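Given next are the chains, with one letter for each unit.
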Amino acid sequence: FAVRYDRFKDENAQDVGIIMILQDITERQKLENMQTDFVANVSHELKTPLTTIKSYTETLLDGHVDDKETETQFLGIIDAEADRMNRLVKELLQLSRMEYKQEKWNKKESNLISLLKSVVTKVEITAKNKNQHMNCIFDESQKIMAVIDRDGIEQVLLNVLSNAIKYTQEGGRIDIDALRKDRWAQIIVTDNGIGIPEKELSRVFERFFRVDKARSRAMGGTGLGLAISKQIVEEHKGTIEIESKEGRGAKVTVTLPLSHARGIKDIV
Ligand code: ADP
């Protein structure tokens, strides 16, 4: 509580007492703590790749590396870390634009099935390289129409599918389904990967939260993907949920409202 005192005056401006104001600042304090944590997280996340870039560059500049192969390997690391910083800054700016309602959405009626198919095609090669089986369970000829910003929802689906691939071992399995449920469209991605411990499950949509920081970083993750996805989906009046058991894979469900026209047609 914050405590404040004020003079209490009568109509002749004479002091007649003192008012004590007790203000519950729990919420404000919480917000301030969140902001401080966020700044600390951002600084840390930016410093980590910078430190790596700096140390590899210094080693190269010192002339201690005399074989071409190591030199190329070091340059590759520097390049990857610079890419990650770039992604991080881009994602942070996107989050801030969404927060301040500055993001420009271009919502149009679109077929979620064709969007999903194109996203699957984009990530298929990564799954193949890990010998994973991607199974599209949905009927590819059907149409599930929703009013969406295609780029935004593509980003969500890319993130969910990339996570399924990233957090599933070689030879694992990823099932992708899309269906209509009442007035909603659902896209469900199920993997049989490493899963998430129950106590961490509610935190995966927080900015920078990762179950295993080192693993996520090693895979190029920024820890912002699900936080951004949640904002985008909520901007579409939808939801994104994750269910998981540690060691037993994860199931992510993205739910979006079906477009009105389609909804009415379905009912008739
Ligand atoms: P990252 O860039 O770390 O992948 P995300 O915001 O996309 O960030 O995800 C946050 C964290 O949630 C990940 O670091 C990982 O620990 C966990 N996670 C997300 N998807 C899955 C999944 N399919 N299986 C297991 N863990 C997952």
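Residues numbered from 1 in each chain as written. Predicted model: local features only at pLDDT ≥ 70, side-chain atom pairs only at ≥ 80, totals over all residues. Heavy atoms only, no water.

The name that an unreviewed UniProt entry assigns to the protein is Cell wall metabolism sensor histidine kinase WalK, with the source organism given as Anoxybacterium hadale.

Caption draft 1: Examining the sheet that holds strand 9 (residues 250–257) more closely. Across the sheet, which stays open at both edges, the 5 strands sit in the order 4-6-7-9-8 with mixed pairing between neighbours. A single partner strand is all that each edge strand has here, and the edge strands are strand 4 (133–136) and strand 8 (239–244). Neighbouring strand axes in the sheet, compared pairwise and without regard to direction, differ in orientation by 15° on average. Here 7 bridges tie strand 7 (residues 184–191) to strand 9, and the two strands are oriented antiparallel to one another. Paired with tryptophan 184 across the two strands is proline 257, which belongs to strand 9. Across the sheet, helix 4 (residues 150–166) touches strand 4, strand 6 (173–181), strand 7, strand 8 and strand 9, and the angle it forms with strand 7 is around 25°. (Pairing = 2+ DSSP bridges. Helix = DSSP H or I, 4+ residues; strand = E, 2+ residues; numbered from the N terminus. Axes fitted to C-alpha atoms, helices over the stretch in contact; angles between N-to-C directions. Contact = heavy atoms within 4.5 Å.)

Caption draft 2: Representation of the site of the ligand in the model. Around the ligand there are 20 residues in total, and Lys166, Tyr167, Ser216, Gly223 and Leu226 lie nearest to it. Within the contact set of the ligand, an oxygen atom lies 3.5 Å away from a side-chain nitrogen or oxygen of asparagine 159. At a separation of 2.9 Å, an oxygen atom of the ligand approaches a polar side-chain atom of asparagine 163. Sorting the residues of the shell around the ligand by element identifies helix 4 and helix 6 (225–235) as the ones contributing at least two each. Ranked by residue count, the leading element in the shell around the ligand is helix 4, at 4 residues. Broken down by class, the residue content of the shell around the ligand amounts to 9 nonpolar, 8 polar and 3 charged. (Near = heavy atom within 4 Å. Polar contact = N/O pair within 3.5 Å; in protein donor to acceptor, adjacent residues only side chain to side chain. Nonpolar A, V, L, I, M, F, W, Y, C, P; charged D, E, K, R; others polar.)

Caption draft 3: Geometry of the pattern of salt bridges. According to the stated counting rule, one finds 14 salt bridges in the structure shown. Of the charged contacts in the structure, one is a salt bridge between lysine 68 and glutamate 71, with a shortest N-O distance of 3.4 Å. Of this pair, lysine 68 and glutamate 71 are both found in helix 2 (residues 68–99), 3 residues apart, which corresponds to roughly one turn of the helix. Note on lysine 68: relative accessible area 60%, which makes it exposed. Given a relative accessible area of 28%, glutamate 71 falls into the partly exposed group. Taking the shortest distance from any N to any O, the salt bridge between lysine 107 and glutamate 235 comes out at 3.3 Å. Separated by 128 residues along the polypeptide, lysine 107 in strand 3 (residues 107–111) and glutamate 235 in helix 6 bring together distant segments of the chain. Judged by relative accessible area, glutamate 235 falls into the partly exposed class, the value being 25%. Salt bridges here are not isolated pairs; linked through shared partners, they connect Arg7, Lys9 and Asp15. (Salt bridge = Lys/Arg side-chain N within 4 Å of Asp/Glu carboxyl O. Buried < 20%, exposed > 50% of the residue type's maximum accessible area, 1.4 Å probe, protein only.)

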